[in-house]
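# Coordinates in review
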Amino acid sequence: MTRIDSTRWSELSPLLDEVLELSGEERVAWLDSLRVTRPHVAAELEKLLAELQSLDAAGFMQGDPSVL
């Protein structure tokens with residue numbers, strides 16, 4: 001999992017919140033637009049989104065916790 005310091009997180013967090021509200025096609029367009037002006041930020045967000053997708057696919061935070 002990616003480690004992000006608090007200063008960097010304060011920049012990425014609102015952008016991540018924004019991109020997570022978008023549908024798939026909207027998300028791609030939004031990231032493409034961001035990539036034009038802030039390519040490093042877009043790349044970091046894409047990495048975080050990929051990690052989230054991987055965790056979701058693995059079932060992280062899903063299911064009944066009392067079973068554990």
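Residues numbered from 1 in each chain as written. Predicted model: local features only at pLDDT ≥ 70, side-chain atom pairs only at ≥ 80, totals over all residues. Heavy atoms only, no water.

## Describing the overall build of the protein
- Across its full length, the protein carries 3 helices and 0 strands.
- When the elements of the protein are put in sequence order from the N terminus, they spell out α-α-α.
- Counting only residues that meet the buried cut, the protein has 21% of its 68 residues in that class.
- Counting contacts in the protein only where the partners sit at least 6 residues apart, residues at least 24 apart contribute 51% of the total.
- Of the accessible surface of the protein, which amounts to about 5,200 Å², a share of 57% is contributed by carbon and sulfur atoms. (Helix = DSSP H or I, 4+ residues; strand = E, 2+ residues; numbered from the N terminus. Buried < 20%, exposed > 50% of the residue type's maximum accessible area, 1.4 Å probe, protein only. Contact = heavy atoms within 4.5 Å. Areas by Shrake-Rupley, 256 points an atom, 1.4 Å probe, with all protein chains shown as cover.)

## Some details on the nonpolar core
- Core analysis: the biggest nonpolar cluster contains 12 residues, these being L12, L15, L16, V19, W30, L31, L34, V41, A42, L45, L48 and L49.
- Where this core is concerned, the elements lending two or more residues are α1 (6-20), α2 (24-37) and α3 (39-57).
- Ranked by residue count, the leading element in this core is α3, at 5 residues. (Core = buried A, V, L, I, M, F, W, Y, C linked by side-chain atoms within 4.5 Å.)

## Let's talk about the environment of V41
- With respect to the element layout, V41 can be found in helix α3.
- With 29 residues separating them in the primary sequence, V41 and L12 have C-alpha atoms 7.5 Å apart.
- Setting aside chain neighbours within four positions, we find V41 in contact with R8, E11, L12, L15 and L34.

## Digging into α1
- An ideal rise of 1.5 Å per residue puts 21 Å on 15 residues; α1 measures up with 20 Å between its terminal C-alpha atoms.
- Maximal helix bending in α1 amounts to about 35 degrees, located at L12; proline P14 follows within four positions.
- Listing the buried residues of α1 in full gives L12, S13, L15, L16 and V19. (Expected span 1.5 Å × (residues − 1). Bend = angle between axes of the 7 residues up to and from the residue.)

## Thoughts on the pattern of salt bridges
- Following the criterion strictly, the structure yields 5 salt bridges and no others.
- For E11, the salt bridge identified is with R8, shortest N-O distance 2.3 Å. Of this pair, E11 and R8 both sit in helix α1, 3 residues apart, which is roughly one turn of the helix.
- Relative accessible area serves as the criterion here: at 23%, R8 is assigned to the partly exposed category.
- A salt bridge links E11 to R38; the shortest N-O distance between them is 2.3 Å. Taken together, the positions of E11 in helix α1 and R38 in the loop between α2 and α3 put the pair 27 residues apart, joining distant regions of the chain. (Salt bridge = Lys/Arg side-chain N within 4 Å of Asp/Glu carboxyl O.)

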